[in-house]
Amino acid sequence: MNEVLENIRRRRSVRRFLPEPLPQEVLTAVVEAGRQAPCGGNNRTTHFMVIQDQEVLEELRRLAVQEFAKMEVAEDTYRSLKNAILSSKKGTYVYDYRAPVLVVVANRAGYRNAMADCSCALENMMLAAFSLDVGSCWINQLHWLDDNPAVRAALESWGLGADETVCGALALGYPAEGAVPKAEGDRGGNPVTYV
Ligand SMILES: Cc1cc2nc3c(=O)[nH]c(=O)nc-3n(C[C@H](O)[C@H](O)[C@H](O)COP(=O)(O)O)c2cc1C
């Protein structure tokens, strides 16, 4: 099997990381893979905020706990959001697994392909990371908090455009020992219909 197909088959989300930073050339290669992703109309408006400053990452963790703790859980609250709210109320929530790097991926608010373009970029970065032995995991909490004034103000102070919407984020770092899940065979789901 060729390398691309093999990487697609074997990539898995990593949720435990070593604290050490990624070498700049590795980080550049991963982000460039994101920048090379296809995008609607070749708009090229995806914005990659590469956060490595540990104080900034810590402040984002603090803000996430602070803001999720203010929310209430309803019967139909999405399972992961429910966990975010309840763990934040206990003060134990760490949404980004303390990865040493977080790439916040944003696009123009109101652009119809914002999420699609960002998703293509995120998948490219995940595959590039995997091919360089870097662990990655899509992190959705800053997307959920996109309209939250405190989180927005912080992100805008670090470079998010006032006209941009956060579509997702990617935790990156070298995996802790045993933190890379083994790729099983066919996991089921995702039906295919050939006609
Ligand atoms: C849109 C989207 C949002 C996700 N959000 C999160 C998240 O916030 N936290 C997390 O740990 N994983 C998140 N994931 C990762 C999924 O849980 C993971 O991809 C899925 O369980 C399949 O596992 P695999 O990536 O190891 O193949 C997200 C994935 C996608 C595509």
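Note that the structure is predicted; figures quoted are calculated from it, not measured.

So, about the overall build of the chain. When its secondary structure is counted, the chain shows seven helices and four strands. Traced from its N-terminal end to its C-terminal end, the chain shows the element sequence α-α-β-α-α-β-α-β-α-α-β. Classification of the 195 residues of the chain by burial places 45% in the buried group. Of the roughly 11,000 Å² that the chain leaves accessible, carbon and sulfur atoms contribute 51%. Charged side chains in the chain number 21 positive and 25 negative. The centres of these two groups are separated by 5 Å.

What follows is about the pairing of strand E2 (residues 101-108). Burial analysis of E2 places seven of its eight residues in the buried class, the great majority of the element. Where strand E1 (residues 47-51) meets E2, five bridges bridge the pair, whose relative direction is antiparallel. The residue bridging His47 from the neighbouring strand is Ala106, located in E2. Relative to strand E4 (residues 164-173), E2 is paired through eight bridges, and the arrangement is antiparallel. Bridge pairing links Leu102 to Ala171 in E4.

This next bit is on the site of the ligand. Taken together, Arg11, Arg12, Ser13, Arg15, Tyr97, Cys137, Trp138, Ile139, Asn140, Gln141 and Arg187 form the complete shell of residues around the ligand. The separation between an oxygen atom of the ligand and a polar main-chain atom of Asn140 is 2.9 Å. Contact with the protein chains removes 62% of the 620 Å² of surface that the ligand exposes when unbound. At three residues, strand E3 (residues 135-139) tops the list of elements feeding residues into the shell around the ligand.

All right, on to the nonpolar core then. Ranked by internal contacts, the top residues of the largest apolar core, which has 31 residues, are Tyr95, Leu102, Val104, Ile139, Leu142 and Leu155. Counting residues per element, the ones that place at least two in this core are E1, helix H3 (54-68), E2, E3, helix H7 (149-157) and E4. Broken down by element, this core gets its largest block of residues, seven residues, from H3. Residue contacts for Ile139: discarding those within four places in its chain leaves Tyr95, Asp96, Tyr97, Leu102, Gly168, Ala169 and Ala171. In terms of nonpolar packing, the next biggest core, distinct from the first, is built from 22 residues, Ala37, Val103, Tyr111 and Val134 among them.

Looking now at the pattern of salt bridges. A complete count under the given rule lists twelve salt bridges for this structure. The shortest N-O distance in the salt bridge between Glu32 and Arg35 comes to 3.0 Å. Pair noted here: Glu32 and Arg35 are both in helix H2 (residues 24-35), with a separation of three residues, about one helical turn. Relative accessible area serves as the criterion here: at 30%, Glu32 is assigned to the partly exposed category. Ionic pairing is found between Glu59 and Arg62, a salt bridge with its closest N-O pair at 2.9 Å. One end of the pair, Glu59, and the other, Arg62, are both in helix H3, three residues apart, so they sit about a helical turn from each other. Note on Glu59: relative accessible area 28%, which makes it partly exposed. Residue classification places Arg62 among the partly exposed residues on the basis of a relative accessible area of 42%. When salt bridges with common partners are traced through the structure, they connect Glu58, Arg61, Asp96 and Arg98 into a single cluster.

Turning our eyes to something else, we now look at the packing of H3 against H7. At a closest axis distance of 9 Å, the pairing of H3 and H7 adopts a crossing angle of 165°. As far as their axial angle goes, H7 and H3 are roughly antiparallel. Handedness of the crossing formed by H3 with H7: left-handed. Residue-level contacts link Leu60, Leu63, Gln66 and Glu67 of H3 to Ala150, Val151, Ala154 and Leu155 of H7. Of the residues in the contact of H3 with H7, the class split is six nonpolar, one polar and one charged.

Conventions adopted
Residues numbered from 1 in each chain as written. Predicted model: local features only at pLDDT ≥ 70, side-chain atom pairs only at ≥ 80, totals over all residues. Heavy atoms only, no water. Helix = DSSP H or I, 4+ residues; strand = E, 2+ residues; numbered from the N terminus. Buried < 20%, exposed > 50% of the residue type's maximum accessible area, 1.4 Å probe, protein only. Areas by Shrake-Rupley, 256 points an atom, 1.4 Å probe, with all protein chains shown as cover. Lys, Arg positive; Asp, Glu negative; His and termini not counted. Charge placed at Lys NZ, Arg CZ, Asp CG, Glu CD. Pairing = 2+ DSSP bridges. Near = heavy atom within 4 Å. Polar contact = N/O pair within 3.5 Å; in protein donor to acceptor, adjacent residues only side chain to side chain. Core = buried A, V, L, I, M, F, W, Y, C linked by side-chain atoms within 4.5 Å. Contact = heavy atoms within 4.5 Å. Salt bridge = Lys/Arg side-chain N within 4 Å of Asp/Glu carboxyl O. Axes fitted to C-alpha atoms, helices over the stretch in contact; angles between N-to-C directions. Parallel < 35°, antiparallel > 145°, perpendicular 65-115°, else oblique. Left-handed = near helix turned anticlockwise from the far one by under 90°. Nonpolar A, V, L, I, M, F, W, Y, C, P; charged D, E, K, R; others polar.

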